[in-house]
Amino acid sequence: MINNTILVSNEQTELNNGIIREIHQVIPLPTIVSALQNDLDFSIFLQALTRSDLGDYYLETLNHGIYTIFAPTNAAFTALLSELGYANLNAIPTNTLNDILQYHILKFNLRLGDFAGMQELITLGSKPLSSNGSTLIDSQGRIANLVTTDIQTTTGVLHSIDKVLIPL
């Protein structure tokens, strides 16, 4: 199965440079939300975006419009919980979590090739974030590396990062 919905044939044609398998429908581009849902390494980030005290705000927002998401990996969120001294995601105060989540979202589509040297990016929460294209630097000088870039979706682009960014 592809994206838990598209059946892939067991039959294959082997070529000298790869394998061809038949699928039973065209693979549509995902939304940002479905891309996050289909990658287990973003499960904690997705849990944060869907935490009950935040309502459906993030799911509704990210499914309508064009955004850039800097999605921290599960390891990044685990490190953040340890760094801040929280036992789990639910222990992070709502306002703090909301500020952190908004700091990972831009209101436009920004692919890696669009970066031109060091630049300041304004996040969904209207707070500045610096980037040189391969790293992001938060307001506290913490550096997050872009791990996987340019996952294009119908609602924007997704980049994975190895550290959770924290605004002032």
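Structure's up top.
So, how was this worked out
Residues numbered from 1 in each chain as written. Predicted model: local features only at pLDDT ≥ 70, side-chain atom pairs only at ≥ 80, totals over all residues. Heavy atoms only, no water. Helix = DSSP H or I, 4+ residues; strand = E, 2+ residues; numbered from the N terminus. Buried < 20%, exposed > 50% of the residue type's maximum accessible area, 1.4 Å probe, protein only. Contact = heavy atoms within 4.5 Å. Areas by Shrake-Rupley, 256 points an atom, 1.4 Å probe, with all protein chains shown as cover. Lys, Arg positive; Asp, Glu negative; His and termini not counted. Charge placed at Lys NZ, Arg CZ, Asp CG, Glu CD. Phe/Tyr/Trp six-rings, centres within 6.5 Å; stacked < 30°, edge-to-face > 60°. Pairing = 2+ DSSP bridges. Arc of directions from axis to C-beta. Salt bridge = Lys/Arg side-chain N within 4 Å of Asp/Glu carboxyl O.

(A) Spatial organisation of the overall build of the chain. Summing up its helical and strand segments, the chain has five helices and nine strands in all. The linear arrangement of helices and strands in the chain, starting from the amino end, is β-β-α-α-α-β-α-α-β-β-β-β-β-β. Expressed as lengths along the three principal axes of its C-alpha atoms, the size of the chain is roughly 55 × 40 × 30 Å. Split into buried and exposed, the 168 residues of the chain put 39% on the buried side. A separation threshold of at least 6 residues defines the contact pool for the chain, and within that pool the share at least 24 residues apart is 58%. Carbon and sulfur atoms provide 51% of the accessible area of the chain, an area that totals close to 8,800 Å². With 7 positive and 15 negative side-chain charges, the chain shows a spacing of 7 Å between the two charge centroids.

(B) Quick look at the packing of aromatic side chains. Under the criterion given, the structure shown has two aromatic pairs. Aromatic pair Phe 45 and Phe 77: ring centres 6.2 Å apart, planes at 35°, arrangement tilted. In this pair, Phe 45 sits in helix α2 (residues 43-49) while Phe 77 sits in helix α4 (residues 74-84), placing the two residues 32 residues apart along the sequence. On the basis of an interplanar angle of 80° and a centroid distance of 4.8 Å, the ring pair of Tyr 57 and Tyr 58 is categorised as edge-to-face. A relative accessible area of 1% places Tyr 58 in the buried class.

(C) How the structure looks around the sheet that holds strand β3 (residues 67-72). Read across the sheet, seven strands follow the order β4-β3-β9-β8-β7-β6-β5 without closing on themselves; strand pairing throughout is mixed. Two strands in the sheet have a free side with no partner beyond their single neighbour: β4 (105-106) and β5 (119-122). Bridge count between strand β7 (residues 135-137) and strand β8 (residues 143-153): three bridges; the pairing is antiparallel. Bridging across to β8, Ile 137 finds its partner in Ile 143.

(D) Spotlight on α4. Every buried residue of α4 is accounted for by Asn 74, Ala 76, Phe 77, Leu 80 and Leu 81. Taken down its axis, α4 places every buried residue within 160° of arc, on the same side. Residues of α4 that are exposed and point more than 90 degrees away from the buried face comprise Ala 75 and Ser 82.

(E) Region of the structure containing the pattern of salt bridges. Taken as a whole and judged by the stated rule, the model has three salt bridges. Salt-bridge contacts for Glu 83 lead to Arg 142; the nearest nitrogen and oxygen are separated by 2.7 Å. You can see Glu 83 sitting in helix α4 and its partner Arg 142 sitting in the loop between β7 and β8, a full 59 residues away along the chain. Arg 142 is paired through a salt bridge with Asp 138; the nearest N and O atoms lie 3.3 Å apart. Judged by relative accessible area, which is 13%, Arg 142 ranks as buried. Salt bridges here are not isolated pairs; linked through shared partners, they connect Glu 83, Asp 138 and Arg 142.

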